[in-house]
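These are the residues of each chain, in order.
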Amino acid sequence: MNQNVIKIVSFKLNKGISVEQLMEKSTASGEFVATQPGFIYRSLAQQSNSDTFVDISYWQTMEDCQHMQLAFEDADVCQAYCALVDSESVGISHHSVLSQSDCTA
């Protein structure tokens, strides 16, 4: 049985980058990510009272997540998204899903 995986990327924006700019590039990169095999769900959130963001995606398997990462690195729309991010602030973690419910949003 394959186990679903959550990828969480935390980051801060480069100086001078607005949330509006982030949202524009996030939408474009999100459309690309959603076409990748094994994609389940993605969300972008900002920590309350902070300049830290989290980009969370759910994948059918770790292999799907890893393949997406390779494709992400080569896609122009994804590189435009990454160009907004302070690379020194980036943290990436992967988590195996133990329990989940349907997303009704």
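Looking at an unreviewed UniProt entry, one finds the chain named ABM domain-containing protein, with Pseudoalteromonas luteoviolacea S4054 as its source organism.

Draft legend 1. Representation of the layout of surface pockets. A volume near 380 Å³ is recorded for the largest pocket. Those elements giving two or more residues to the lining of the largest pocket turn out to be β1 (5-12), β3 (52-59), α2 (62-74) and α3 (76-82). By residue number, the principal contributor to the lining of the largest pocket is α2, which donates four residues. Across the lining of the largest pocket, the residue classes break down as 10 nonpolar, four polar and four charged.

Draft legend 2. Examining the packing of aromatic side chains more closely. Tallying each qualifying case throughout the model produces four aromatic pairs. Ring centres of phenylalanine 11 and tyrosine 81 lie 6.2 Å apart, and the angle between their planes is 80 degrees; on these two criteria the pair is classed as edge-to-face. With a gap of 70 residues between them, phenylalanine 11 in strand β1 and tyrosine 81 in helix α3 connect regions that are remote in the sequence. Side by side, phenylalanine 11 and tyrosine 81 carry an identical accessibility label, which is buried. Ring centres 5.5 Å apart and planes at 75 degrees place the aromatic pair phenylalanine 39 and tryptophan 59 in the edge-to-face group. Of this pair, phenylalanine 39 sits in strand β2 (residues 39-46) while tryptophan 59 sits in strand β3; the two residues are 20 residues apart in sequence, bridging distant segments of the chain.

About the cut-offs
Residues numbered from 1 in each chain as written. Predicted model: local features only at pLDDT ≥ 70, side-chain atom pairs only at ≥ 80, totals over all residues. Heavy atoms only, no water. 1 Å grid on protein atoms, 1.4 Å probe; cavity = no way out; pocket = protein on both sides within 12 Å on 5 of 7 lines; lining within 4 Å. Points joined across faces, edges and corners; volume = space filled by probe spheres on them. Helix = DSSP H or I, 4+ residues; strand = E, 2+ residues; numbered from the N terminus. Nonpolar A, V, L, I, M, F, W, Y, C, P; charged D, E, K, R; others polar. Phe/Tyr/Trp six-rings, centres within 6.5 Å; stacked < 30°, edge-to-face > 60°. Buried < 20%, exposed > 50% of the residue type's maximum accessible area, 1.4 Å probe, protein only.

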